[in-house]
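If you want the building blocks of each chain, they are given just below.
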Amino acid sequence: MAEKLRLGLIGASVRGTWSSRSHLPALQASADVELTAVCTTRADSAEAARQAYGARLAFDDWRKMVASPEIDAVAVVVRVPSHYKPTKAALEAGKHVYCEWPLGQTTAEAEELAALAEAKGLATAVGLQARVNPAVTYMREQVAAGSIGEIMAVATAS
């Protein structure tokens, strides 16, 4: 059996975030991934996440985490404005990357990161879990069936 992928997760708060409800439980259940490090913006919350999720390392600065030789891959699961810099730094450090959607704030950012990953030969993924979210799936079915009438406009929450 191959060794587990040593993952560092940026955005590992234990307080009711998407990460604490989805990413971290999935990682803990994985036979292929070791949650090696967690990172938040404060030392105390990073340590709380380390203890809660069984990681070996806790960081309050993503720059230090992505530079760690104990990390093979990085998951960037923070708010969109904070995707680009840690993702780029992880790729530059030779780490594989999983990033929540969208990859960047602009098409240019996303294209730059994708080109960097390809040039370095790194495995990457962008999370699109909303596509299988039960509420989104239900609404898609309702629209397709014509149950809600003609859609005239759509607005997203900001």
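Now for a quick tour of the structure. (Residues numbered from 1 in each chain as written. Predicted model: local features only at pLDDT ≥ 70, side-chain atom pairs only at ≥ 80, totals over all residues. Heavy atoms only, no water.)

Things to note about the overall build of the protein
- From N to C terminus, the protein includes six helices and six strands.
- Moving toward the C terminus, one meets the helices and strands of the protein in the order β-α-β-α-β-α-β-α-β-α-β-α.
- Among the 158 residues that make up the protein, the fraction classed as buried is 35%.
- Relative to all contacts within the protein whose residues are 6 or more apart in sequence, the contacts with residues 24 or more apart total 56%.
- Surface exposure of the protein reaches about 9,600 Å², of which carbon and sulfur atoms provide 56%.
- Averaging the positions of the 16 positive and the 17 negative side-chain charges in the protein gives two centres separated by 5 Å. (Helix = DSSP H or I, 4+ residues; strand = E, 2+ residues; numbered from the N terminus. Buried < 20%, exposed > 50% of the residue type's maximum accessible area, 1.4 Å probe, protein only. Contact = heavy atoms within 4.5 Å. Areas by Shrake-Rupley, 256 points an atom, 1.4 Å probe, with all protein chains shown as cover. Lys, Arg positive; Asp, Glu negative; His and termini not counted. Charge placed at Lys NZ, Arg CZ, Asp CG, Glu CD.)

What to know about the sheet that holds strand β3 (residues 57-59)
- On the basis of which strands lie adjacent, the open sheet formed by six strands has the order β3-β2-β1-β4-β5-β6 and parallel pairing. Either end of the sheet is taken by a strand with one partner, and the two such strands are β3 and β6 (124-127). The average undirected angle you get between the axes of adjacent strands in this sheet is 20°.
- Here strand β5 (residues 96-100) pairs with β6 via four bridges, running parallel. Across the sheet, the residue bridging to Tyr 98 is Ala 125, located in β6.
- Seen against the sheet, helix α4 (residues 84-92) touches β1 (5-10), β4 (73-76), β5 and β6 and runs at an angle of roughly 165° to β5. (Pairing = 2+ DSSP bridges. Axes fitted to C-alpha atoms, helices over the stretch in contact; angles between N-to-C directions.)

Looking at the environment of Glu 118
- Topologically, Glu 118 is positioned in helix α5 (residues 107-120).
- Take Glu 118: its relative accessible area is 68%, and that puts it in the exposed class.
- Considered as a pair, Glu 118 and Leu 91 are 27 residues apart in the sequence and their alpha carbons are 9.7 Å apart.

Focus on α4
- Residues Tyr 84, Pro 86, Thr 87, Ala 89, Ala 90 and Leu 91 constitute the buried set of α4.
- Residues of α4 that are buried sit in contact with β1, α3 (62-67), β4, β5, α5 and β6.
- Backbone geometry just downstream of α4 places Gly 94 in the positive-phi region, at approximately 80°.

Some details on the pattern of salt bridges
- According to the stated counting rule, one finds seven salt bridges in the structure shown.
- A salt bridge links Asp 72 to Arg 6, with the shortest nitrogen-to-oxygen separation between them at 2.8 Å. Of this pair, Asp 72 sits in the loop between α3 and β4 while Arg 6 sits in strand β1; the two residues are 66 residues apart in sequence, bridging distant segments of the chain.
- Owing to a relative accessible area of 22%, Asp 72 belongs among the partly exposed residues under this scheme. (Salt bridge = Lys/Arg side-chain N within 4 Å of Asp/Glu carboxyl O.)

Here we look at unusual backbone geometry
- The step from Trp 101 to Pro 102 runs through a cis peptide bond, and the omega angle for that step is -10°.
- Along the chain, Pro 102 falls in the loop between β5 and α5.

Description of the nonpolar core
- Among the nonpolar cores identified, the biggest contains 22 residues, and Ile 10, Met 65, Val 74 and Leu 91 are the most heavily contacted of them.
- Put simply, the parts of the chain that give this core at least two residues each are β2 (33-39), β3, α3, β4, α4, β5 and α5.
- Contact partners of Met 65, with chain neighbours within four places excluded, come to Gly 8, Leu 9, Ile 10, Ala 37, Val 38, Cys 39, Phe 59, Ile 71 and Val 74.
- Grouped together as the second largest cluster of nonpolar side chains are 14 residues, Ala 12, Val 33, Ala 49 and Ala 55 included. (Core = buried A, V, L, I, M, F, W, Y, C linked by side-chain atoms within 4.5 Å.)

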